[in-house]
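Inside the fold
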Amino acid sequence: MEKISSLVKRQDWITSQGGRDWRDGLLLGNGNLAAVAYAPGHLEYVINKVDVFDPTQEEGMLKKIIPHEEFLKRIRRMEPKNTLFLNKLEDAPLKRKRHRDTLSCAVLRLSSWYGIGWSAPPVPVTKRKLSLYDGVLEEEMDSHNLHLRVKMFIPRGREVIAMRLSGTSGNGPLPHILELVRPSDDRLRAPVWHTEKENFLAFTQALPGNRIFYTIAVCFLPREGQSPRSAAGKDRCGVLEQTGDVDLFLAVKTGKDADRTYCEAVKELEEAKKLTFESLEKANKAWWHAYWNKGAFASFGKYADLQKYYTFSLYEIACAYGKAPMPGLNGMAYGPLTERVPGVGCQGYAHDQNAQISALGCIPANHAELIHAFADTYLNAAKVLKKNTKKTFGCDGIYIPLSANQLGRECPTRSYRYTLCGSAYTGMVLCYAWNYTRDKTLLREKLYPLLREFVIFYSRIMHKGKDGKYHLDWSVPPEIFSLTRDELSTLALFKLCLETAIEASRILGEDEKLRPQWEELLLNYPPMPKRPDGAYWCGPDIPLNHFFYGGHTLYPFFPAAIENDLSAAKKTLKFIEEEAVERSFADWNDNFHMNHDWSVFITTAANLRAGNREKGWKGVHRFLELFGKENGLFSHDPILIGPVRESEENEKRNAFRLYRNQIDAERKPLHKDDPNISHVSCVTENPDAKRLAPAVLEGNSAYLFLASETLLQSHGSVIRLFPGVPEDFTGEFVSFLAQGGFQVDAKMHEGKILYAKIRSLQGGSFALANLDGKTFSLKKGEVLEITESLKRI
């Protein structure tokens, strides 16, 4: 393969579009601290940090949550059984708008001119280059007698942003006017400003609840011997000015003591100044170069858009994952929308897939080190989670609520909260990390401590029936509110966790008293619920004509992958295409698409694994068409730009397909305007619509995983080379991680596989589908190279 450095550099994000706000800004991040850069006239940056969020809960609703035992008593004689009664029983007045109250550290505004109102200068032309290989953003602003240059990066392992400002002016040295703004937010107390030092500006802010604080501090370091300048800070805005070329350092620190966070932020700045911009830049580039050269990479040949977003997705996961807690659902790209609207994102987690999908792409990409932040998020919250589990379910172990914040505290969701797959879904990601890496240190320190707690919890809410099988308590399949025993998604995901926990217990020599109980549970595990035709179904108590979200019905096949029942998978996929409620006909030519990124992700991955090459490959490109944004990120809901009148007619012609012969949780027939049908407004003629849609964390990881699966699959201990690419595909990949702890390189030219190299990282066996399923056993470090007889599959 051509040098990875050259391949990555060709994907640099170069644009002459300044960006209106953070929604179409460019992302810089180090897995802890991030900046979203845009240029609405001046240069502007939203500063976000993983541990700056609203830690409060809706106390009124929390007090209303009933224990599991009482819940089971209430539904015992209820017919039909559903959770809608919780909407009233557990209701209480809300203190805030949960999906709008996103909290950013600050907004940094930078301009190089004076003059406002009638004397404002013309807005300069802005050009920007984001080097993915170096992790460096360069910006240029040019107008008559004004030429500003900015270089910035966020070094790994530090809580500081480094910027170098330079340029020329027709009237002498270029001025730099910096505004540090705490976004408008009526939940927050006024910030405390610090302006006592020269060339320095800072504020300390109490987060909602007033128990956690953060300090954001900025300093100028003149490079041409300029005189020190004082700063001013009042209300929500502080100003710092300097003339001539300068380096700028910005630090953010959080903690439980306001004075200490301020001292630590000052210390971080002093260390950055001492190290110098050049030294920090060198270290930053070294980290990114090592990241690219250590992990997986692929060349997709002529498929330029796929290549562009695949590369950016590798970059994005490194920006997002570095230190616990992991980012919330909008990742690191969020911010204030206007002076009156703090944000439009969600900083907490949804645990029926969204928070988990965002970590999956790291694993086959051979960056399992990024899983540490994912695991540490839950390890750090374990005490809180255990306490809540004991209170709600009266048992040991860890139950992860459907919705929770970064501290593990539940965000009450009333009728939604009885979707109980949160721990199992999180456990599935940990199982993937083990199955791909076979890293015993990772297993011991990060994975097993959580898996055992998840298994303990579920084993307490599964009970042996008269048939000799264990059965899961009543719960809700995601999104549909009707209750069932043996709910499919939880059952499928937990079985993988149970199998892995038993294996890990043996390897690590731990929990020898619990292991026999787990083995007995696995031996008498209930079957996966299915429809009469053999397709997977939500649960045995869900009527066969109940509306359903199709993505969740595929879990036994993907992502849990506990069964390789191709017949069931294909029948389920067909049923989803014909009946699933998350289909949207806001499209053209009688076509439809799934109306959320997670559903397209799961159905596309299932098609790829089921051997449906054409649908799988098309699904990867469709994912990009529906959700890809111009800044490399992805939206949660689809956005199609085209004729609205035609899409409206298409929807009218096909609307009946979403509700025909289907019933809801109260067993009432669905109707055209039923609230259970998600009428997503997918189509617009606004050419800026994609740019102005908020991004979500799961999008890049989902796309990365899908693109990787077209090139390599390894479920079931079978390695499959190029299983999802077109017949004439030319491309290659290196250092992909396969299940069993194997690192794989392979190359294809015009549909013919030229070679494959498979290296065992831990020692083990696998079958190679491209050699008629021939089995190989390799010792740790041993390499198998094959240059002939490799077949397409």
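Up top you'll find the structure we're talking about.
All of the points below concern the structure found in this document. These figures come from a predicted structure and were not determined experimentally. (Residues numbered from 1 in each chain as written. Predicted model: local features only at pLDDT ≥ 70, side-chain atom pairs only at ≥ 80, totals over all residues. Heavy atoms only, no water.)

A closer look at the packing of helix 16 (residues 597–609) against helix 17 (residues 613–627)
Working note: a packed helix pair is described by the angle between its axes plus the distance between those axes. Packing of helix 16 against helix 17 brings their axes to within 8 Å, and their N-to-C directions diverge by 165 degrees. When the axes of helix 16 and helix 17 are compared, the pair comes out roughly antiparallel. Both helix 16 and helix 17 take part in a crossing whose hand is left-handed. Between helix 16 and helix 17, the residues in contact are Asp597, Val600, Phe601, Thr604, Asn607 and Leu608 and Lys615, Gly616, Trp617, Gly619, Val620, Phe623, Leu626 and Phe627, respectively. Classifying every residue of the contact of helix 16 with helix 17 by side-chain character gives 8 nonpolar, 4 polar and 2 charged. (Axes fitted to C-alpha atoms, helices over the stretch in contact; angles between N-to-C directions. Helix = DSSP H or I, 4+ residues; strand = E, 2+ residues; numbered from the N terminus. Parallel < 35°, antiparallel > 145°, perpendicular 65-115°, else oblique. Left-handed = near helix turned anticlockwise from the far one by under 90°. Contact = heavy atoms within 4.5 Å. Nonpolar A, V, L, I, M, F, W, Y, C, P; charged D, E, K, R; others polar.)

Some words on the packing of aromatic side chains
Under the counting rule described, the total for this entry stands at 48 aromatic pairs. Between Phe200 and Tyr262, the aromatic rings sit 6.4 Å apart at their centres with planes inclined by 75 degrees, giving edge-to-face as the arrangement. In this pair, Phe200 is assigned in strand 12 (residues 200–206) and Tyr262 in helix 5 (residues 258–275), connecting sequence segments 62 residues apart. Judged by relative accessible area, Tyr262 falls into the buried class, the value being 13%. Ring plane angle 50 degrees and centroid distance 5.7 Å describe the contact between Phe558 and Phe705, whose orientation is recorded as tilted. Highlighted residues: Phe558 in the loop between helix 14 (515–523) and helix 15 (566–579) and Phe705 in helix 19 (residues 697–711), separated in sequence by 147 residues. Sitting above the plane of the Trp13 ring, Lys308 keeps its charged end 4.4 Å from the centroid. (Phe/Tyr/Trp six-rings, centres within 6.5 Å; stacked < 30°, edge-to-face > 60°. Buried < 20%, exposed > 50% of the residue type's maximum accessible area, 1.4 Å probe, protein only. Lys NZ or Arg CZ within 6 Å of the ring centre and 35° of its normal.)

Considering the nonpolar core
Residues Trp292 and Leu721 are the most contacted members of the largest nonpolar core, which totals 241 residues. With 12 residues, the top contributor of residues to this core is helix 13 (residues 488–508). (Core = buried A, V, L, I, M, F, W, Y, C linked by side-chain atoms within 4.5 Å.)

Section: the environment of Leu443
Structurally, the position occupied by Leu443 is in helix 12 (residues 440–460). On a C-alpha basis, the gap between Leu443 and Ala318 in space is 21 Å, while along the polypeptide they are 125 residues apart. Leave out the neighbours within four places in its chain, and Leu443 touches Trp434, Tyr448, Pro449, Ala504 and Leu508.

Concerning the environment of Asp134
Inspection of the secondary structure puts Asp134 in the loop between strand 6 (125–131) and strand 7 (136–143). On the basis of relative accessibility, which here comes to 16%, the residue Asp134 falls in the buried class. Every residue in contact with Asp134, bar those within four places of it in the chain, is listed here: Asn284, Lys285, Trp288 and His289.

What to know about the environment of Tyr416
Mapped onto the elements, Tyr416 comes out in the loop between strand 19 (403–404) and helix 11 (422–437). For Tyr416 and Leu84, which are 332 residues apart along the polypeptide, the C-alpha to C-alpha distance reads 8.6 Å.

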